[in-house]
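# Survey of secondary and tertiary structure
Letter by letter, the chains look like this.
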Amino acid sequence: MKIAILTSGGDSAGMNAVVRSVVKAAILKGCEAWIVREGYEGLVRGNTEAAPTTSYVGPSALSHSEFPLAAMNIINNLRFGDGELLKDGTGDYTSGRTLKGRYIVRVGWDDVRGWFTEGGTLIGTARSKEFRTPEGRLAAAHNMIKEGIDALVVCGGDGSLTGADVFRAEWPQLVTDLRAQGKITELQATTHSHLKIVGLVGSIDNDMSMTDLTIGAPTALHRICEAIDNINSTAFSHSRAFVLEVMGRHCGWLALLAGEAGGADFLFIPEQPPKSQPWEDEMCAAIQKHREVGKRKTLVIVAEGAHDIDLNPIKAEYVKDILTDRLGLDTRVTTLGHTQRGGRPCAMDRILPTLQGIKAVEALLDANSETPSYMIGVQENKITMVPLMEAVAMTQAVTTAIGEKDFEKAMRLRDPEFRESLDAFIATSSLSSSKKLPASKRMRIAIMHMGAPAGGMNAATRAAVRYCLGQGHTPLAIHSGFRGLLDDDLGELSWLGVDSWMARGGSELGTNRTLPSVDLGAVAAKFQQHSFDALMMIGGFEAFSALQILEEGRKYYPAFHIPMVHLPATISNNVPMTEYSLGSDTSLNALVEACDAIKQSASASRNRVFVVETQGGKCGYIATMGALAVGACLVYTPEDGINLDMLKRDVRFLKARYKLDAKGKAEGRLVIRNEAASSVYTTDVITKVFKEEGGSLFDSRSASLGHTLQGGIPSPMDRARAVRLSLKCMSFVERHHELLQQQPQKTRVAGPETAAVITIQSSSIIWVPVQEMVQHADMVNRRGKTAWWAGIKELVEALVARPQLAGLQ
Ligand code: ATP
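## Concerning the overall build of the protein chain
Each helix and strand in the protein chain was counted, giving 26 helices and 24 strands. Taking 2.2 N^0.38 as the reference for a compact globule, 809 residues should give roughly 28 Å; the C-alpha atoms of the protein chain span a radius of gyration of 28 Å, in line with that estimate. Taken over the C-alpha atoms alone, the protein chain extends approximately 85 × 70 × 50 Å along its principal axes. The long-range share in the protein chain, meaning contacts at least 24 apart out of those at least 6 apart in sequence, stands at 79%. Of the accessible surface of the protein chain, which amounts to about 29500 Å², a share of 50% is contributed by carbon and sulfur atoms. For the protein chain, the centre of its 87 positive side-chain charges and the centre of its 90 negative side-chain charges are spaced 3 Å apart.

In C-alpha cells form, the structure reads like this:
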C-alpha cells in the first residue's frame, strides 16, 4: 500500500510526531510512506516536476547478506533513500530546490528523524479553497492516482476531517469522471476504485467530540499555564488584576483547564456563560469577596468565543473596564494569541500522536470499501477508533446547541470530564458560604503527604482544602507525614493560605517515609486526640503501604474506623492498578526537556550515544514512556533487567545503525536506563561498553537526571488531574462518613471498602479497597504485578528498527 499523510487547517504541536509515526509505521508494515505538503492544497497542486534522481548520500559499504531478509525493507529504505527529503541533500526539504513543483513526496525512514522536538508542522498546512470545490477534489484525486497513492491519513480539525469524508464519499465518482475524461487508464481506475482514509485530530482547542484530547491541545495548555505562572508573580507584586484571553472559538476547554490549573478567579467559556444577568454583578461580587479575604491578585480567563446567555460576545477589554470601573482594580489585558500554538511539544503531544499514528496505519491496512472512515482518538488511556462523521456531527452539534442557547445540551455533548472540571473550578475558586453542610455532617479531614515529592501534591491539597471550607469541614494539614503527626505538627489551612499552591512543586506540607507501624498505638491515639473523621494521604507506594497498615490496625484501634483514602502521587508511577499517578506527567516533561538538550549536544558531536539514567525505583514507567517521548533508541528497565546477550545485540544494532547514517549526518542518539535496571550493568559500565565497541563509528557519554525528574513547576495535566481526583476523594469520604454515622459510635465498624485507593483504569476512575490492591502489588519490588505500559518498550525499539538492524528476526 502507498500511504500518504497530510496536515491541514490550523497547525498544532504534535503534528510532526504524527507524521513521523505514520511514516515509520507504514515502512515497518512494508508500505510506502508519502507526505503531502501544504495540506489539501498540495493534493490539488500535485507534482509538476519529476522526482529528483540525485543518488542518496548514504554509505554503500554494507552488504545485504549481513542482514536477514525481513530487515531489507527498512534497510533498503535507509540505504537507498527511498525518501526524497534526504536525497535532496539539504535535510530541510521545505527550502529544498528539488522539491519545487513537488507536493506529493515519497519519504524514507530517516527523513523524519528529529521531528519530534519541532512544534507546528514541517510538511506545511493550508486552508485550501480549491479543495472545497468539486474541480479541486477531481484534481486532487487525479494527482493521487498518478502517484499511485491508495490511502490517506489526514491530521487536522473538524473542517479537515469533514473534507476527508466528503472526498472519500465522492471518490468512486471522481474515478469514473477521470476515466471518462481519459486522464487515467482502465487499470488505474480499477486499482484505485476506492480510497481509504483515516483522520487524526490535530487542533489546539480540544474541540472534537468522542476523544478526550486533540493533538496539540496539551501543549497549548502548557503555553497558557506558563503565561499564567508568569503573570501571577507580577500581578501579586502590584496587586493587579489580569484578564487573559485564550484561544477557543467554540470550545472552552483551554480556558477551563487553564482556569483550573492556573487558579483563576473567574472564567468565561462558550458552553456555559454566567447564568445571571447582568453577569457583571456576579463576576464583581466573586472577585470582591476574594479581595476582601486579602487576595492581592486577580485573574480572569476569557475564551476567544465567550459570550453571555444572549450570545452577546464577552471581550477581554470590556471585562477589564468593568474591573477597573466597578472594583477600582488596576487591570491589564493579556491576549496570548499565536504563542499558544507554538513551541516544543510537551510529552503527551509526543506520546499520543505516536500511538495514534501507528493505530492510523493499522486502521488503513484493515480497511475495505465497506468500512467507514475512522477517526483515531483517545479516551483516558486507550487509543480509540470511532466513525469519523459521527465525531464530526457530534462536534458540530455542540456549536449548534450553543447557537440555540441550549447550554445544558452543549455541556452534555462535551465529555463528562469537561463538566467535572467546571464543577471543580467552581468548587475551588468560589468563596460562597451558602452551600455549607449542616453541623452534624461536617467533618475534620486530615491531609498528609507521604514519600518523595511529586508534582500535583500541592494542587490536590489546595483543592481539598478549598472544598472542605466550602462545605463547612475543617481541613487539617499534617506536616512531615506520620512523624509530624506523632509530634502534633498539624494545623488548619485557610482558603487564602493555599492560594498559590497550584503552581508549586515539591510538598508544601513536607513529606516523610515513616510508616504508621513505627508506633501504631500512638498513631491511633493521635487520630483520637485530634478527632479525625477522615484521612487523605497523597503519595506513592509508602502511602499505599500506610493505608494497608491502618486498615489492618482497625482490628485493634477504633480510631481507624473512619474513611481513609490514598491519592497516588509519585513520579515512578509504581502504585498498583492505577495507570497514572500525580507527578508522572510532570516528571515525563522534565525528562523530555532534559533529553532534548542532551540530544542536541549529542547530535552536535555527530556520532555520540548518550546513556541517560532516570529515577523510578524498580518501576520502568518513566524510563519507558520517556524513551517513547524523546525517540530514544534503547531503553533498559528493571522489569526486563540487563544481560550480556542483550548488550551484545544492542551493540550490533548501534553499529549497524551508525553504518547506515548518511555521511556527515550521523545522529546523536539516546539510550535511557532506569537507575535500578541492573546492579552489575550500571550506567557507567554500559557507557564504557558502548564507547569501547563503537570504535570509530560512535562514542558514548552518560548523564544522570537524578532529582531533576521530580520537576520544578507541576505540569498543567498533573494540576488539573490533582484537582479532579482530590475532589473525588472528598466526596468519597463524605459519602462513607454519612453511612458510618448511621452506626452507633461505640460499636462503629468501617468496612474494607472505606479504606481505598483512587485509581485511573482505562477510561474510568475506580475506587479499589486497599485489601484488594495488595493482591495486585509486588511488595518486594514496590510496583504493580502487571504494567499497562509493558508493550511500549517493544514499540520504542520498533520505531528505531532495532530488531531488524540487530538482525534478530
Ligand atoms: P481548525 O480547527 O484549526 O480550524 P480545521 O480543519 O477545522 O482546523 P478548516 O479551515 O475548517 O480547518 O478546514 C481546513 C481545510 O479542510 C479547508 O481549507 C478545506 O480545504 C478543507 N475542508 C473543510 N471543510 C470541507 C468540506 N466540507 N469539503 C471539502 N473540504 C473541506
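## As for the packing of helix α8 (residues 253–262) against helix α14 (residues 416–429)
At their nearest, the axes of α8 and α14 sit 9 Å apart, and the two run at 40 degrees to each other. Taken together, the axes of α8 and α14 lie oblique to each other. In the crossing of α8 with α14, the sense of the turn from one axis to the other is left-handed. Where α8 abuts α14, its residues Trp253, Leu256, Leu257, Gly259 and Glu260 lie against Phe418, Ser421, Leu422, Ala424 and Phe425. When the residues that make up the contact of α8 with α14 are grouped by side-chain class, the tally is seven nonpolar, two polar and one charged.

## A few points about the packing of aromatic side chains
If you walk through the whole model with that rule in mind, you get 16 aromatic pairs. Pairing Phe268 with Trp279 gives two aromatic rings, centres 5.0 Å apart and planes at 75 degrees, and the pair type is edge-to-face. Of the two residues, Phe268 is situated in strand β7 (residues 266–268) and Trp279 in helix α9 (residues 279–292); the sequence distance between them amounts to eleven residues. Assigned by exposure class, Phe268 and Trp279 land together as buried. Every member of this aromatic cluster is reached through a ring pair, and the members are Phe527, Phe532, Tyr556, Tyr557 and Phe560. Against the face of Phe418 rests Arg414, its NZ or CZ located 5.7 Å from the ring centre. Seen from the ring of Trp495, Arg466 lies directly overhead, with NZ or CZ sitting 3.5 Å from the centre.

## Focus: the site of the ligand
Neighbouring the ligand are 17 residues, the closest being Gly10, Arg127, Ser128, Gly159 and Ser160. Residue Ser128 places a main-chain N or O atom 2.8 Å away from an oxygen atom belonging to the ligand. Asp158 places a side-chain nitrogen or oxygen 3.1 Å from an oxygen atom of the ligand. Starting from 630 Å² of accessible surface for the ligand in isolation, the protein chains cover 85%.

## Some thoughts on the sheet that holds strand β10 (residues 374–379)
Strand pairing within a sheet occurs via backbone hydrogen bonds; the two strands may be parallel or antiparallel. One open sheet accounts for seven strands, arranged β3-β2-β1-β4-β5-β10-β11; its pairing is mixed. Since the sheet does not close on itself, it has two edges, and those belong to β3 (104–107) and β11 (382–387), each with one partner. Here the strands of the sheet are splayed against their neighbours by 30 degrees on average, with no regard to which way each runs. Helix α1 (residues 15–28) rests against β1 (2–7), β2 (32–36), β3, β4 (151–156) and β5 (196–201) of the sheet, and its axis sits at about 180 degrees to β1. Running over the sheet, helix α4 (residues 134–147) touches β1, β2, β3 and β4 and is turned about 35 degrees from β3.

## Things to note about the confidence of the model for the protein chain
When pLDDT is averaged across the protein chain, the result is 89; 93% of the residues are at 70 or more. Contacts for the low-pLDDT stretch residues 54–70, under 50 throughout, to residues beyond four places or in other chains number 39 contacts. Counted against residues more than four places away or in other chains, residues 86–98, with its pLDDT under 50, gives 30 contacts. Of the two predicted TM-score estimates for the complex, the pTM is 0.92 and the ipTM is 0.96.

## So, the nonpolar core
Membership of the largest hydrophobic core comes to 128 residues, with the highest contact counts inside it found for Ile3, Tyr636, Leu654, Ile672 and Phe690. Ile672 has contacts with Cys595, Val612, Thr614, Ala623, Ala627, Val630, Ala632, Leu634, Val635 and Tyr636, leaving out every residue within four places of it along the chain. Formed by 40 residues, the second largest nonpolar core is a distinct cluster that contains Cys225, Val246, Leu299 and Met411.

## As for the sheet that holds strand β19 (residues 669–674)
Strand order in the open sheet formed by four strands is β18-β19-β17-β20, with parallel pairing between adjacent strands. Edge positions in the sheet fall to β18 (634–636) and β20 (699–704), since each of these pairs with one other strand and no more. Within the sheet, the average angular offset between the axes of one strand and its neighbour, ignoring direction, is 20 degrees. With six bridges connecting them, strand β17 (residues 608–614) and β20 associate as parallel partners. Across the sheet, the residue bridging to Val611 is Ser702, located in β20. Along the sheet, helix α20 (residues 621–630) contacts β17, β18 and β19; its crossing angle with β19, the most-contacted strand, is approximately 165 degrees. Contacts from helix α22 (residues 683–694) reach β17, β18, β19 and β20, with the element oriented near 165 degrees to β20.

## A short note on the side chain of Thr7
Here Thr7 shows up in strand β1. A polar atom in the side chain of Thr7 sits 2.9 Å from the side chain of Thr121. Of the polar contacts made by the side chain of Thr7, one reaches the backbone oxygen of Gly124; its length is 2.9 Å. Setting aside residues up to four positions removed in sequence, Thr7 forms contacts with Met15, Val19, Gly39, Thr121, Ile123, Gly124, Thr125 and Cys155.

## Here we look at the pattern of salt bridges
Applying the stated criterion across every chain, the model contains 40 salt bridges. With a shortest N-O distance of 3.0 Å, Arg419 and Glu408 are connected by a salt bridge. On the criterion of sequence distance, the pair formed by Arg419 in helix α14 and Glu408 in helix α13 (residues 407–413) is long-range, its members being eleven residues apart. Exposure remark for Arg419: the relative accessible area of 27% places this residue in the partly exposed category. Owing to a relative accessible area of 37%, Glu408 belongs among the partly exposed residues under this scheme. The shortest N-O distance in the salt bridge between Arg802 and Asp650 comes to 2.7 Å. In this pair, Arg802 sits in helix α26 (residues 802–805) while Asp650 sits in helix α21 (residues 644–660), placing the two residues 152 residues apart along the sequence. No difference in accessibility class separates Arg802 from Asp650, as the two residues are buried.

Parameters at a glance
- Residues numbered from 1 in each chain as written.
- Predicted model: local features only at pLDDT ≥ 70, side-chain atom pairs only at ≥ 80, totals over all residues.
- Heavy atoms only, no water.
- Helix = DSSP H or I, 4+ residues; strand = E, 2+ residues; numbered from the N terminus.
- Rg over C-alpha atoms; globule rule 2.2 N^0.38 Å.
- Contact = heavy atoms within 4.5 Å.
- Areas by Shrake-Rupley, 256 points an atom, 1.4 Å probe, with all protein chains shown as cover.
- Lys, Arg positive; Asp, Glu negative; His and termini not counted.
- Charge placed at Lys NZ, Arg CZ, Asp CG, Glu CD.
- Axes fitted to C-alpha atoms, helices over the stretch in contact; angles between N-to-C directions.
- Parallel < 35°, antiparallel > 145°, perpendicular 65-115°, else oblique.
- Left-handed = near helix turned anticlockwise from the far one by under 90°.
- Nonpolar A, V, L, I, M, F, W, Y, C, P; charged D, E, K, R; others polar.
- Phe/Tyr/Trp six-rings, centres within 6.5 Å; stacked < 30°, edge-to-face > 60°.
- Buried < 20%, exposed > 50% of the residue type's maximum accessible area, 1.4 Å probe, protein only.
- Lys NZ or Arg CZ within 6 Å of the ring centre and 35° of its normal.
- Near = heavy atom within 4 Å.
- Polar contact = N/O pair within 3.5 Å; in protein donor to acceptor, adjacent residues only side chain to side chain.
- Pairing = 2+ DSSP bridges.
- pLDDT = per-residue confidence, 0-100.
- Core = buried A, V, L, I, M, F, W, Y, C linked by side-chain atoms within 4.5 Å.
- Salt bridge = Lys/Arg side-chain N within 4 Å of Asp/Glu carboxyl O.

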